Amino acid sequence: MNNLSLTIGWLYPDLMSTYGDNGNILSLQKRLEWRKINATISPLSIGSKPQDLLSCDLIFMGGAQDKQQTIVSNDFKNGKAETLSEMIENNITGLYICGAYQFLGKYYKEADGTIIDGMGILDLYTENPGTKTPRLIGNVALQTTIFQKELIIVGFENHGGRTYLGEKVHALGNVIKGYGNNGKDGTEGAMYKNTIGSYMHGPLLPKNPQLTDYLLGKALETKYKEKIELSSLDDSIEERAHEVIVRKLRSGV
Amino acid sequence: MKNRILIHQGKLLSRVIKSANLGNGSTWPGHLALQFNKNFIKDILKNSKTIVIFVIGTNGKTTTTSLIAHILQQAGKKVIQNSSGANLLNGIASTLLLNTSESEQIAADYIIFEIDESTFPLACQEITPDVIIMLNLFRDQLDRYGEINTIALKWQEALAALPKDTQLILNADDPQIAYLGKKSPLNELYFGVDEKGRKTPLIDHASDSTYCPNCGEKLKYTKKYYSHLGVWSCPSCQLVRPTHVKTSSFFYPLDGMYNRYNTNAATLLCSSLGVPDEIVKNSLGSFKPVFGRQEKITFEGKNIEIILAKNPAGMDQSIEAIMEKNASNLLLLLNDRIADGHDVSWIWDIDIENLLTLPKITLSLSGDRAYDLALRFKYAEADLSTLTISDDLVTAIKGAVLATPQNETLYILATYTAMLDARKILTGKKIL
């Protein structure tokens, strides 16, 4: 099929972009372009409309500092939360990192006990056990089977909140090294339909090209209503960078 | 009596550490002194007439501290400063200890401390500074320092407890720093720069403080210099960049806009202390860069310049500085050890694409995370066949030096521990 294209909606690039999230966008964009698929990046920040969201085939949203997160939370109240919820239910592909991941859940309980409502789209909740409990920080590797074969995904996590998954979602994978969702149950991230939430930045996609291609494949499939085979790319540098982290974690550094 | 013994023992310990080549002895003596007397710093400074200057901020502390020290020394003053690796409380205590006589007299007119961002509030509890320079606040090692809003809040609380006659020297172009001035009852003087603004990127991501620190509204910029620095105002609560701002010095001894900020901060401070213009001007002319901060080294007959770049704002500014020089040979080094920060995701916030617009550039990549750098360049659409990648630092340096033509300069941009390692290879000397 010729003239394929995807519009990637980058939610709040100026506010929700704390940990090199630009790298996730570049991965999505370049891996389309290298396959001669047209990519449009649509930055959607404060004041954008629900219709702007609807024109996107793939959604990305990153993490933020608390202050920025409050600004975003207020902006979402203007009909955008409902629209995003419908899109996720309708299989629109998306990747949500850290703060955005927490945001998709039912609620976030802050360190001081204040409860902030989430969008309630994903069956999960997050609680911050208080400022005396250390943040979960470090390199992380997890094993996942979402690609029909066993695969190790690597990233870096840095979060105070502990996320617990409900029955309607399943984990992105099981932690081999690192903390994951809550440092207890061995899970990391969440999947629901074509939506992935995760604490992993690093950023996540550049060193995990299979995950990038998985998202792109799903987005194309939803848009064109048929399975579209992505041509293979030379991923030798991605593999080397991935390997460095796996080696580092195995040696316990 | 007790402090006298601590000073004596501390000096002894420092000599042992140095002569046994265990380090430069700039933190251990202070660490032990604080163990035996937690009021050691307070006690020493209690009856002193020495003027205490604090230099804080994410980027530029070491250079600014050295500029001030050099100018004051040229003005005939006796100056003490801590070394850059000693900017926590133990380093401060060590600096004091090593410069205090056993009769507990500090032998200096001025003492300049560059202080780590997260140590500043603690330092204010131990020491009452006479002057504080606040350079900037950028995201840096989020895994270690946390979010910049949190740091700004802690600074604000620390300032509120200081005597009213404390002098603040603040960056007017950094909204969060300027706001600290507006909120505090202390005396403020402002520095900034006056340059051509750069055009805002298509997607403005990863800026830290482009929202009003007072009311949260998006700030308007008539000029944007880099990251969130510029000529700003809030359209909602009317908070504006201060108007009386020192934006120039007689001469800039170092390249890059970030060093023009550092220089303006240093000269504003020295003028406010009464140093005559003529001395300030001449001192700038005779200033030599500190190790690893645009430090020039000759190695195997080639010119090399080492530039520390440890976070996105610093790296972007270093890239701009070498572009002003039309650099054509560049070695980038990325490590992920404790002093560098384990999280290297920040390299995706650098405008590396900017480098690729240089007409001729030979690029080499190395360090613990050389392949992360390589990936960054791949996704910036660099021509990979022209990149040299090696995770062995000695091989990388030798290769890059060899590839540099005789009359050109090899620029080495490196994170902290990579800078120290590279320097050691190039000079044969260990510094810390």
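Residues numbered from 1 in each chain as written. Chains lettered and ligands numbered in written order. Predicted model: local features only at pLDDT ≥ 70, side-chain atom pairs only at ≥ 80, totals over all residues.

Observations concerning the overall build of chain A
Alright, step 1. Each helix and strand in chain A was counted, giving seven helices and 14 strands.
Alright, step 2. The C-alpha radius of gyration of chain A comes to 17 Å, within 12% of the 18 Å expected for a compact globule of 253 residues.
Alright, step 3. Here the C-alpha coordinates of chain A stretch approximately 55 × 50 × 30 Å along the principal axes.
Alright, step 4. A total of 253 residues make up chain A; the buried ones form 47% of that total.
Alright, step 5. Partitioning the contacts of chain A with sequence separation of at least 6, the portion at a separation of at least 24 is 69%. (Helix = DSSP H or I, 4+ residues; strand = E, 2+ residues; numbered from the N terminus. Rg over C-alpha atoms; globule rule 2.2 N^0.38 Å. Buried ≥ 20, exposed ≤ 12 C-beta atoms within 10 Å, placed from the backbone. Contact = placed C-beta atoms within 7 Å.)

Points about helix α6 (residues 209-224) of chain A
Residues and elements named next belong to chain A.
Alright, step 1. Here α6 contains 16 residues, and its C-alpha end-to-end distance of 22 Å stays within 8% of the 22 Å for a straight helix at 1.5 Å per residue.
Alright, step 2. Those residues of α6 lying buried are Leu-211, Thr-212, Asp-213, Leu-215, Leu-216, Lys-218, Ala-219 and Leu-220.
Alright, step 3. Buried residues in α6 make contact with β1 (5-11), α1 (22-33), β3 (58-61), β4 (93-97) and β9 (151-159).
Alright, step 4. One or two residues past the end of α6 sits Lys-225, with phi positive at roughly 55°. (Expected span 1.5 Å × (residues − 1).)

Observations concerning the sheet that holds strand β1 (residues 51-56) of chain B
Residues and elements named next belong to chain B.
Alright, step 1. The seven strands lie next to each other as β2-β3-β1-β4-β5-β6-β9, forming an open sheet whose pairing is parallel. Across the chains shown, the open sheet's two edge strands, defined by having one partner strand only, are β2 (79-81) and β9 (245-246).
Alright, step 2. By the bridge criterion, five bridges tie strand β5 (residues 167-171) to strand β6 (residues 187-191) in an arrangement that is parallel. Residue pairing for β6: Ile-169 is matched across the bridge by Leu-189. (Pairing = 2+ DSSP bridges.)

Observations regarding the sheet that holds β1 of chain A
Either a parallel or an antiparallel arrangement is found when strands of a sheet pair, and the pairing is made through backbone hydrogen bonds.
Residue and element names in this part refer to chain A.
Alright, step 1. Here we have six strands laid out as an open sheet, ordered β2-β1-β3-β4-β14-β13, and mixed in their pairing. For this open sheet the edge positions go to β2 (38-44) and β13 (190-192), each flanked by a neighbour on one side alone. Averaged over all pairs of adjacent strands, the angle between their axes in this sheet comes to 15°, without regard to strand direction.
Alright, step 2. Bridge analysis of β4 against strand β14 (residues 195-198) gives four bridges, and the strand direction is parallel. Looking across to β14, one finds that Tyr-96 is bridged to Gly-197.
Alright, step 3. Running at roughly 145° to β4, α6 makes contact with β1, β3 and β4 of the sheet. (Axes fitted to C-alpha atoms, helices over the stretch in contact; angles between N-to-C directions.)

Examining the interface of chain B and chain A
Alright, step 1. On the side of chain A, 33 residues touch chain B, which itself brings 27 residues to the contact.
Alright, step 2. With six residues, helix α13 (residues 370-379) of chain B is the single largest residue contributor to the side of chain B that touches chain A.
Alright, step 3. For the side of chain B that touches chain A, the per-class residue count stands at 11 nonpolar, seven polar and nine charged. (Nonpolar A, V, L, I, M, F, W, Y, C, P; charged D, E, K, R; others polar.)

Some words on the domain arrangement of chain B
All names here are of chain B.
Alright, step 1. As far as domains go, chain B holds domain 1 (55-80 + 110-286) and domain 2 (293-427).
Alright, step 2. Computed from C-alpha atoms alone, the centre-to-centre distance between domain 1 and domain 2 is 27 Å.
Alright, step 3. The partner domain 2 presents 18 residues to the 19 residues of domain 1 that form the contact.
Alright, step 4. Secondary-structure elements contributing two or more residues to the side of domain 1 that touches domain 2 are α4 (61-74), α7 (142-145) and α10 (257-272).
Alright, step 5. For the side of domain 1 that touches domain 2, the element with the highest residue contribution is α7, accounting for three residues.
Alright, step 6. Of the residues contributing to the side of domain 1 that touches domain 2, the split by class is seven nonpolar, seven polar and five charged. (Domains from an automatic or database assignment.)

A look at the nonpolar core
Alright, step 1. If you look at the biggest cluster of nonpolar residues, it comprises 109 residues, and the most contacted ones within it are Phe-60 of chain A together with Ile-412 and Ala-414 of chain B.
Alright, step 2. It is α13 of chain B that provides the largest number of residues to this core, a total of seven residues.
Alright, step 3. Residues within four places of Ala-414 of chain B in sequence aside, it is in contact with Ile-306, Leu-308, Ala-309, Leu-333, Met-419 and Ala-422 of chain B.
Alright, step 4. Of all hydrophobic cores here, the second largest spans 73 residues; its members include Ile-56, Leu-72, Ile-169 and Ala-266 of chain B. (Core = buried A, V, L, I, M, F, W, Y, C linked by C-beta atoms within 7 Å.)

Topic: the packing of helix α8 (residues 148-160) of chain B against helix α9 (residues 175-183) of chain B
Residue and element names in this part refer to chain B.
Alright, step 1. The contact between α8 and α9 brings their axes to 10 Å, and the two run at 25°. Between α8 and α9, the angle falls in the class roughly parallel. Where α8 crosses over α9, the handedness of that crossing is right-handed. From α8, Ala-152, Trp-155, Gln-156 and Leu-159 reach across to α9, where they touch Gln-176, Leu-180 and Lys-183.
Alright, step 2. Across the contact of α8 with α9, the residue classes tally to four nonpolar, two polar and one charged. (Parallel < 35°, antiparallel > 145°, perpendicular 65-115°, else oblique. Left-handed = near helix turned anticlockwise from the far one by under 90°.)

Considerations on the packing of α4 of chain B against α10 of chain B
Residue and element names in this part refer to chain B.
Alright, step 1. Where α4 meets α10, the closest approach of the two axes is 9 Å, and the angle between their N-to-C directions is 40°. In terms of orientation, α4 and α10 fall into the oblique class. For the pair α4 and α10, the crossing hand works out as right-handed. Contact residues: Thr-63, Thr-64, Leu-67, Ile-68, Ile-71 and Leu-72 in α4; Asn-259, Asn-262, Thr-263, Ala-265, Ala-266, Leu-269 and Cys-270 in α10.
Alright, step 2. Looking at side-chain class alone, the contact of α4 with α10 contains eight nonpolar, five polar and no charged residues.

Some thoughts on unusual backbone geometry
Alright, step 1. The omega torsion across Gly-202 of chain A and Pro-203 of chain A is -15°, close enough to zero to call that bond cis.
Alright, step 2. With respect to the secondary-structure elements, Pro-203 of chain A resides in the loop between β14 and α6.
Alright, step 3. Phi is positive for Gln-238 of chain B, which is not a glycine, with a value near 70°.
Alright, step 4. Tracing the backbone through its elements, the reader meets Gln-238 of chain B in the loop between β8 (229-233) and β9.
Alright, step 5. A residue is classified by how many C-beta atoms lie within 10 Å of it, and Gln-238 of chain B, with 10 of them, is exposed.
Alright, step 6. Of note in this structure, Glu-381 of chain B is not a glycine but carries a positive phi near 65°.
Alright, step 7. The residue Glu-381 of chain B is located in the loop between α13 and β14 (387-389) in this model.
Alright, step 8. Under the C-beta neighbour-count criterion, Glu-381 of chain B is labelled partly exposed, with 13 such atoms within 10 Å.

Quick word on the environment of Thr-357 of chain B
Residues and elements named next belong to chain B.
Alright, step 1. Tracing the backbone shows Thr-357 in the loop between β12 (329-333) and β13 (362-366).
Alright, step 2. Given 8 C-beta atoms within a 10 Å radius, Thr-357 is considered exposed.
Alright, step 3. Sequence spacing of Thr-357 and Leu-229 is 128 residues, and the spatial spacing of their C-alpha atoms is 23 Å.

Quick notes on the pairing of β12 of chain B
Residue and element names in this part refer to chain B.
Alright, step 1. Of all five residues in β12, five are buried, a share of seventy percent or more.
Alright, step 2. Judged from the five bridges that link them, β12 and strand β15 (residues 409-414) form a sheet pairing that is parallel. Bridge assignment links Leu-333 to a residue of β15, and that residue is Ala-414.
Alright, step 3. Pairing between β12 and β13: five bridges, direction parallel. Across the sheet, Leu-332 pairs through a bridge with Leu-365, a residue of β13.

Looking at the pairing of β8 of chain B
Residue and element names in this part refer to chain B.
Alright, step 1. Summarising the sheet, strand β7 (residues 220-226) and β8 pair through five bridges and their orientation is antiparallel. The residue bridging Tyr-221 from the neighbouring strand is Trp-232, located in β8.
Alright, step 2. Linkage of β7 to β8, two consecutive antiparallel strands, is achieved through a turn of two residues, within which Ser-227 is found at a positive phi near 45°.

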